[in-house]
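Structural overview
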Amino acid sequence: MLEADSPEQVIGKCIYSFIAPEYLEAFKASIENIFQGRSGILEFEIVGFKGTRRFLETHAVPFRNNNDKTIALLAITRDITERKKIGKILVESEAKYRSLVEDSIEGIGMSKGNRVIYANKALLDIFGYDSMGEFIKIPLIEHVAPQSRDMMVERLDKREKGIPVDARFEYKIIRKNGDIRDIEISTSEVCIENEKYVQSTLRDVTELKKIEDDLREGKRFLSSIFESIQDGISILDKELNILQVNPVMKKWYAHAEPLEGKKCYEAYHGADKPCEICPSKKTIETSTAAYEIVPKREKNGEIVGWFDLYSFPLFDTVTGELKGVIEYVRDITERKQAQEGIIKERQRYEGLVNNINVGIYRTTPGMEGTFIEVNPAFVSMFDADSRE
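Residues numbered from 1 in each chain as written. Predicted model: local features only at pLDDT ≥ 70, side-chain atom pairs only at ≥ 80, totals over all residues. Heavy atoms only, no water.

Observations concerning the overall build of the protein chain
Tallying secondary structure elements over the protein chain gives 13 helices and 15 strands in all. Every one of the 388 residues in the protein chain was classed for burial, and the buried ones make up 36%. Taking contacts inside the protein chain between residues at least 6 apart in sequence as the whole, the part at least 24 apart equals 41%. Split by element, the accessible area of the protein chain, about 23,400 Å² in all, is 51% carbon and sulfur. (Helix = DSSP H or I, 4+ residues; strand = E, 2+ residues; numbered from the N terminus. Buried < 20%, exposed > 50% of the residue type's maximum accessible area, 1.4 Å probe, protein only. Contact = heavy atoms within 4.5 Å. Areas by Shrake-Rupley, 256 points an atom, 1.4 Å probe, with all protein chains shown as cover.)

Now the structure itself:
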């Protein structure tokens, strides 16, 4: 620990000379307590003969003579440098994971039944609130617009009874200022301390819904949408031939120009047959809207990003006959990278915690806190059969 070449190099030296300056006062106070008859545990940093800094943990007790007078101290000291390093990594990893959630451009929230437990900034922005405290004190159902409340109550009831519900759906919310917005939401159940919660990711799709409605009702001239919208639009016939694209699509697929007249899978994916997962093909088959996440490819076929691809049926407004498909494409590369980053950081954090041979645990605040999380090494210390 002290980087000495022999015991003789250490014997006779004052222990204080090895203590890192920032820990010296605490160390002296601990020694004084021990000579006053009290045992103690102290973590501190030392500087060895060769200048290496190490974290040590000392368990010290007073050594008494026959007259019960403390004449020395006995100490067991171990090197906890690696533990400290791992602890720092865990803290940084958890902070990074938390930062990814809090800084996400998508609304992320946690709920239990009719109670909102957590909301990130993006979610607060969607609902028009400035503080999480103000937002979560309102029951979840009161954030739902009247026209969607029956559906939401039914979902909550089914979850309470353990009946499966669709993970992804759309509903309407009511913002703090009374505005009604269309929301696309993806949900999943998570278990924390044996309690089930629902984690949700929300996107405001009000503008997208307006575009879909306008297209279906024939109220907006298609070329004006092409020139103004900032996401990609493609018009396909029922044979998946590209009829028309907006400037954004031409920019994204400049290497495949001209796009008009080509099959969509040829121009966008460099393939000679339709993709296995194709929302447009599904729309043609069912005359209903469809959705998938699809890769953005370069000329050589390399995946360089990801798109949200929504396909909507294009009907003849007079006859009602299906004429083709409208593809609405949004670049979600940054969102997908952020989601993958969250998963990787969480897996890394869990891997460190579960594989380290030092007991790690987390408790609720307070003197009588209860365990929230423990790793396998901590469980084995108590001869327990499981974390529960």
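What follows continues from the structure just given.
What to know about the pattern of salt bridges
Applying the stated criterion to the full structure yields 21 salt bridges. With its nearest N and O atoms 2.9 Å apart, the salt bridge here joins Arg181 to Asp204. In this pair, Arg181 sits in strand E7 (residues 180-192) while Asp204 sits in strand E8 (residues 195-204), placing the two residues 23 residues apart along the sequence. Take Arg181: its relative accessible area is 22%, and that puts it in the partly exposed class. (Salt bridge = Lys/Arg side-chain N within 4 Å of Asp/Glu carboxyl O.)

Points about a nonpolar patch on the surface
A cluster of nonpolar side chains, Val61, Phe63, Ile71 and Leu74, forms an exposed patch at the surface whose accessible area comes to about 350 Å². Those elements giving two or more residues to the nonpolar patch turn out to be strand E2 (53-64) and strand E3 (70-79). Along the chain, Phe63 falls in strand E2. (Patch = residues over 30% accessible without salt bridge, like charges linked within 9 Å, V, L, I, M, F, W, Y side chains within 5 Å.)

Quick word on the pairing of E2
Judged from the eight bridges that link them, strand E1 (residues 40-47) and E2 form a sheet pairing that is antiparallel. In the strand pairing of E2, Gly40 is matched with Ala60. Counted between consecutive antiparallel strands, the loop separating E1 from E2 contains five residues, among which Gly51 sits at a positive phi close to 90 degrees. As defined by bridge partners, E2 adjoins E3 across nine bridges and the pair is classed as antiparallel. Directly across from Pro62, in E3, lies its bridge partner Leu73. (Pairing = 2+ DSSP bridges.)

Considering helix H7 (residues 206-217)
For H7, which comprises 12 residues, the first-to-last C-alpha distance of 17 Å matches the rise-based estimate of 16 Å (1.5 Å per residue) to within 8%. Among all positions of H7, only Thr206, Leu208, Ile211, Glu212, Asp214 and Leu215 are buried. (Expected span 1.5 Å × (residues − 1).)

Notes on unusual backbone geometry
Cis geometry is adopted by the peptide bond preceding Pro258, which originates at Glu257 and carries an omega value of -5 degrees. Despite not being glycine, Leu240 has its phi angle at roughly 70 degrees, a positive value. Inspection of the secondary structure puts Leu240 in the loop between strand E9 (232-237) and strand E10 (242-245). Positioned with a positive phi, Ser287 is a non-glycine residue whose angle comes to about 60 degrees. With relative accessibility at 32%, the residue Ser287 sits in the partly exposed group.

Let's talk about the sheet that holds strand E12 (residues 303-315)
With antiparallel pairing, five strands are arranged side by side in an open sheet as E10-E9-E13-E12-E11. Each edge of the open sheet carries a strand with a single partner, namely E10 and strand E11 (290-297). Taken over all neighbouring pairs, the strand axes of this sheet differ in orientation by 30 degrees on average, direction set aside. Sheet analysis places E9 next to E10, joined by three bridges and oriented antiparallel. (Axes fitted to C-alpha atoms, helices over the stretch in contact; angles between N-to-C directions.)

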